[in-house]
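# Architecture and fold: a report
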Amino acid sequence: MLLAMRVLWYRASSSSSTSREGTTWRQASYLTWGVLQERVMTRTYGATETDPGEKFKDSQFLVFMNRILAFTVAGLYCALTKQPRHGAPMYKYSFASLSNILSSWCQYEALKYISFPTQVLAKASKVIPVMMMGKLVSRKSYEYWEYLTAALISVGVSMFLLSSGPDGSTVTTFSGIVLLAGYIIFDSFTSNWQDALFTYKMSPVQMMFGVNVFSCLFTVGSLLEQGALLESLRFMARHSEFTAHAVLLSVCSACGQLFIFYTINQFGAAVFTIIMTLRQAFAILLSCLIYGHTVTVVGGLGIAVVFMALFLRVYARSRMKKRSKKLPPGESPVQKV
């Protein structure tokens, strides 16, 4: 199973300039980010024998920290290296920025109501809204096998979710589902809007800089308006462990954003979603090992169906690519995403 997932990863993200070491580094960055995300949002800080400790509650502050570091890294990179001439209107970054902030906020908040493995596997169904947004935003067309594998992913996710026992009240469960749906919708729009922005021939780091300029403005404005910025800074002062986790979370997020923009630019939004879903398989395993989550037999079968669908998706893509190379001169293959 692990060997198959490694093969699937390299085939889905195949590029002659991408090294095995670079792939491992990026995977480690995202897995660390996933583990820390669950730790920060679901566990207490400062617990002792007499004091149960306190949880950090403001997801928006974490989004702000992630974006300010990503903005700094991208700005320094653009200043120190030669970049293509910028031609995109700045206001267009604001749409991707706002949807990115909302998706990140929904993602953090959802962990207050559902388990991390549930959240991670639900993200696999992003293939479906990404395809829908691709039709709406980028006017893309898809093959029949892409719809088939998307349906299989939905079936697998449903098996996993329905096999899990109830965790909390109905209202709490419904809140988690609503937040997950919000995350998937906003994130699907973000990737497709960024895909469309790349027609201006910008570099991935320029994209990262432009999006995070607006993200920093939006998040700091909201935090100041709500008075949440100072309270979050006080929480950091009280708990040095949280400070370390939040900073490392932001570093992993910034590194991950570089990979996101590069992948969308080179392969498109749908392929990016497939690659990220493979990383989520390892995240589920790590979460179960570290935080003690249980998976039923039906849930395990659901996970297997999801990744079988992803394997079929990449296999069909490679077959289509080989077939297009065999076409006689003058015939143009179907445009792929």
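Values in this document were obtained by computation on a predicted structure and should not be read as measured data.

## Examining unusual backbone geometry
We note that Lys-201 has phi near 60°; this positive angle belongs to a residue other than glycine. By secondary structure assignment, the location of Lys-201 is in the loop between helix H8 (170–197) and helix H9 (204–226). Note on Lys-201: relative accessible area 64%, which makes it exposed.

## A closer look at the nonpolar core
In a soluble, globular protein the nonpolar side chains are often hidden away together inside. Formed by 45 residues in total, the largest nonpolar core has its most connected members in Phe-61, Leu-62 and Phe-242. In terms of residue count, helix H2 (residues 20–42) provides more of this core than any other element does, six residues in total. Setting aside residues up to four positions removed in sequence, Phe-61 forms contacts with Phe-56, Leu-223, Leu-229, Ser-232, Leu-233 and Met-236. Core analysis: the second largest hydrophobic core is formed by nine residues, Leu-197, Met-202, Met-207 and Val-211 among them.

## Points about the pattern of salt bridges
Scanning the model with the defined rule gives five salt bridges in all. Residue Glu-109 pairs with Lys-112 through a salt bridge whose shortest N-O separation is 2.9 Å. The partner of Glu-231 in a salt bridge is Arg-238, with the nearest N and O atoms 3.8 Å apart. The partly exposed category is assigned to Arg-238, whose relative accessible area is 43%. Overlapping salt bridges bring together Glu-54, Glu-231, Arg-234 and Arg-238 as one network.

## Some remarks on the packing of helix H5 (residues 116–123) against helix H7 (residues 144–163)
Between two packed helices, the angle of one axis relative to the other and the distance separating the axes together describe the packing. As a packed pair, H5 and H7 sit with axes 9 Å apart at the nearest point and diverge in direction by 165°. Put simply, H5 runs roughly antiparallel to H7. Classified by chirality, the crossing of H7 by H5 is left-handed. Contact with H5, carried on its side by Pro-117, Thr-118, Leu-121 and Ala-122, involves Gly-156, Val-157, Phe-160 and Leu-161 of H7 and no other residues of that element. Tallied by class, the residues present in the contact of H5 with H7 amount to six nonpolar, two polar and no charged.

## A few points about helix H6 (residues 127–137)
Inspection of H6 places Val-127, Pro-129, Val-130, Met-131, Met-133 and Gly-134 among the buried residues, and these make up the whole buried set. Backbone geometry just after H6 places Arg-139 at a positive phi near 55°.

## Digging into the packing of aromatic side chains
Going through the model one piece at a time under the given rule, you end up with 13 aromatic pairs. Through a chain of ring-to-ring contacts, the aromatic side chains of Tyr-45, Phe-56, Phe-61, Phe-64, Phe-235 and Phe-242 assemble into a single cluster. Directly above the aromatic system of Tyr-45 lies the positively charged group of Arg-39, at a separation of 4.1 Å from the ring centroid.

## Structural notes on the side chain of Ser-104
Take Ser-104: it is sitting in helix H4 (residues 91–110). Those residues in contact with Ser-104, other than ones at most four positions away along the chain, are Val-63 and Arg-67.

## A look at a nonpolar patch on the surface
A cluster of nonpolar side chains, namely Leu-98, Leu-102, Leu-217 and Phe-218, defines an oily patch on the protein surface of about 340 Å² accessible area. Tracing the backbone through its elements, the reader meets Leu-98 in helix H4. By relative accessible area, Leu-98 is classed as partly exposed at 44%.

## Regarding the side chain of Ser-97
The residue Ser-97 is located in helix H4 in this model. On the accessibility criterion, Ser-97 (0% relative accessible area) is buried. Leaving out residues up to four positions away in the same chain, Ser-97 has contacts with Val-211, Phe-214, Ser-215 and Phe-218.

## Quick look at H9
Here H9 is 23 residues long and its end C-alpha atoms lie 33 Å apart, about the 33 Å a rise of 1.5 Å per residue gives. In the stretch just after H9, Gly-227 is the one whose phi turns positive, near 70°.

## Examining the UniProt feature "transmembrane region" (unreviewed entry) in the protein
In the numbering adopted here, UniProt assigns the feature "transmembrane region" (unreviewed entry) to residues 61–80, 144–162, 168–186, 207–224, 244–262, 269–292 and 298–316. What you have in residues 207–224 is 100% helix and 0% strand, and the ends, taken at the C-alpha atoms, are 26 Å apart. As annotated, residues 298–316 comprises 100% helix and 0% strand, and the C-alpha atoms at either end are separated by 27 Å.

## What about the packing of helix H3 (residues 59–80) against helix H10 (residues 228–238)?
Here H3 crosses H10 at 80°, and the two axes come no closer than 10 Å. Accordingly, the angle class assigned to the pair H3 and H10 is roughly perpendicular. Here Phe-61, Phe-64 and Met-65 of H3 lie close against H10, whose contacting residues are Leu-229, Ser-232, Leu-233 and Met-236. For the contact of H3 with H10, a count of residues per class yields six nonpolar, one polar and no charged.

## A word on the environment of Asn-100
The topology assignment puts Asn-100 in helix H4. Considering only alpha carbons, one finds Asn-100 and Phe-186, 86 residues apart in sequence, at a separation of 6.7 Å. In this structure Asn-100 touches Arg-67 and Thr-190, once residues within four positions along its chain are discounted.

## Some remarks on the environment of Leu-248
Relative to the assigned elements, Leu-248 resides in helix H11 (residues 240–267). On a C-alpha basis, the gap between Leu-248 and Thr-32 in space is 8.6 Å, while along the polypeptide they are 216 residues apart. Those residues in contact with Leu-248 that sit more than four places away from it in its chain are Thr-32 and Leu-36.

What counts, and at which threshold
Residues numbered from 1 in each chain as written. Predicted model: local features only at pLDDT ≥ 70, side-chain atom pairs only at ≥ 80, totals over all residues. Heavy atoms only, no water. Helix = DSSP H or I, 4+ residues; strand = E, 2+ residues; numbered from the N terminus. Buried < 20%, exposed > 50% of the residue type's maximum accessible area, 1.4 Å probe, protein only. Core = buried A, V, L, I, M, F, W, Y, C linked by side-chain atoms within 4.5 Å. Contact = heavy atoms within 4.5 Å. Salt bridge = Lys/Arg side-chain N within 4 Å of Asp/Glu carboxyl O. Axes fitted to C-alpha atoms, helices over the stretch in contact; angles between N-to-C directions. Parallel < 35°, antiparallel > 145°, perpendicular 65-115°, else oblique. Left-handed = near helix turned anticlockwise from the far one by under 90°. Nonpolar A, V, L, I, M, F, W, Y, C, P; charged D, E, K, R; others polar. Phe/Tyr/Trp six-rings, centres within 6.5 Å; stacked < 30°, edge-to-face > 60°. Lys NZ or Arg CZ within 6 Å of the ring centre and 35° of its normal. Patch = residues over 30% accessible without salt bridge, like charges linked within 9 Å, V, L, I, M, F, W, Y side chains within 5 Å. Areas by Shrake-Rupley, 256 points an atom, 1.4 Å probe, with all protein chains shown as cover. Expected span 1.5 Å × (residues − 1). UniProt positions renumbered as here; feature names shortened; annotations may be inferred.

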